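# Observations on chain architecture
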Amino acid sequence: MSRNSMLKVILVSIVVFGALGSAVAQMPNPYGPAISLENAKKTAAPALAEAAKNKWTVVVAIVGPDGTLVYYEKMDNTQLGSAEVAIDKARTAALFKRPTKAFQDVLAGGGEGLRILTLKGVVAVEGGIPLVMDGKIVGAIGVSGATSAQDAQCAKAGADVVK
């Protein structure tokens, strides 16, 4: 292998592994006090509205920064298995300071990304998003019941109202 070819391989490896590392990098935001019940309800409302608008049935869970449940709502006829999944997505996003999609993407890459399966408390499924208020992580929203992408669409609708 020529020197130029070897340098290209090294450069590509650095870019690929650097992107992999940044995909799972935690948010730099510090933790703040837990989201209030009032703000948790305000966060859940647009997530539930997004689901209803699209005729999806979902569960919405809002947790504080320590993963403690603050608010929970399950739409009628949502599959029962989604009840715990929504809470677990929210806890993962809060405790690991990143959206659950970051874990999903790394896991999908296989190889060393499979190590995520050994992390206790990680749900590597899209639909959990940290909630940031005044620059601090005050909790997270987790949505489950539709496809992962649809869950994330609902979660984002909720997370976007937190300021």
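Along every chain, residues carry numbers that run from 1 in the direction the sequence is written. Since the coordinates come from a predicted model, pLDDT governs what is reported: local features require at least 70, and pairs of side-chain atoms require 80 or more to be given and counted, while whole-chain, interface and lining totals use all residues. To obtain the side-chain values, all non-hydrogen atoms of the structure were included, while hydrogens and water were left out.

Looking now at the pairing of strand β4 (residues 136–144). To sort residues, take the accessible area from a 1.4 Å probe on protein chains only and compare it with the maximum for the residue type: under 20% means buried, over 50% means exposed, and anything in between is partly exposed. Numbering of helices and strands starts at the N terminus; helices are DSSP runs of H or I of at least 4 residues and strands are runs of E of at least 2. Within β4, eight of the nine residues are buried, which leaves it mostly tucked inside the rest of the structure. Where strand β1 (residues 59–63) meets β4, five bridges bridge the pair, whose relative direction is antiparallel. Each bridged residue has a counterpart across the sheet, and for V59 the counterpart in β4 is S144. DSSP bridges decide pairing: two strands pair if at least two such bridges lie between them. Linkage of strand β3 (residues 128–133) to β4, two consecutive antiparallel strands, is achieved through a turn of two residues, within which D134 is found at a positive phi near 55°.

With respect to the helices and strands, the residue E50 is situated in helix α2 (residues 37–53). Here E50 is in contact with W56, Q153, C154 and A157, once residues within four sequence places are set aside. The criterion used for residue contact is that any of the two residues' heavy atoms lie within 4.5 Å.

For the rest of this paragraph, the subject is the packing of aromatic side chains. Working definition: rings of Phe, Tyr and Trp (its six-membered ring) pair if their centres are within 6.5 Å, and the pair is stacked with planes under 30 degrees apart, edge-to-face with planes over 60 apart, and tilted otherwise. Scanning the model with the defined rule gives one aromatic pair in all. Residues F96 and F103 carry aromatic rings whose centres are separated by 5.6 Å and whose planes lie at 85° to one another, so their mutual orientation is edge-to-face. Residue F96 is classed as partly exposed on the basis of its relative accessible area, which comes to 23%. A residue is classified by how much of its surface remains accessible, and F103, at 3% relative accessible area, is buried. For a ring to carry a charge above it, either NZ of a lysine or CZ of an arginine must fall within 6 Å of the ring centroid while also lying within 35 degrees of the normal to the ring plane. Directly above the ring of Y31 sits K97, whose terminal nitrogen or CZ lies 4.9 Å from the centroid.

Strand order across the open sheet formed by four strands is β2-β1-β4-β3, with antiparallel pairing between neighbours. Strands at the two margins of the open sheet, each flanked by one partner only, are β2 (69–74) and β3. Across the sheet, the mean angle from the axis of one strand to that of its neighbour is 20°, orientation sign disregarded. Summarising the sheet, β3 and β4 pair through six bridges and their orientation is antiparallel. Bridge pairing in β4 links L131 to G139. Between N-to-C directions, angles span 0 to 180 degrees; the directions come from axes that are lines fitted to C-alpha atoms, helices contributing only their stretch in contact. Where α2 meets the sheet, it contacts β1, β2, β3 and β4, and its direction lies at approximately 30° from that of β2. The sheet contacts of helix α3 (residues 82–95) involve β1, β2, β3 and β4, and relative to β4 the element is tilted by about 155°.

Distances and angles like these do not, on their own, reveal function.
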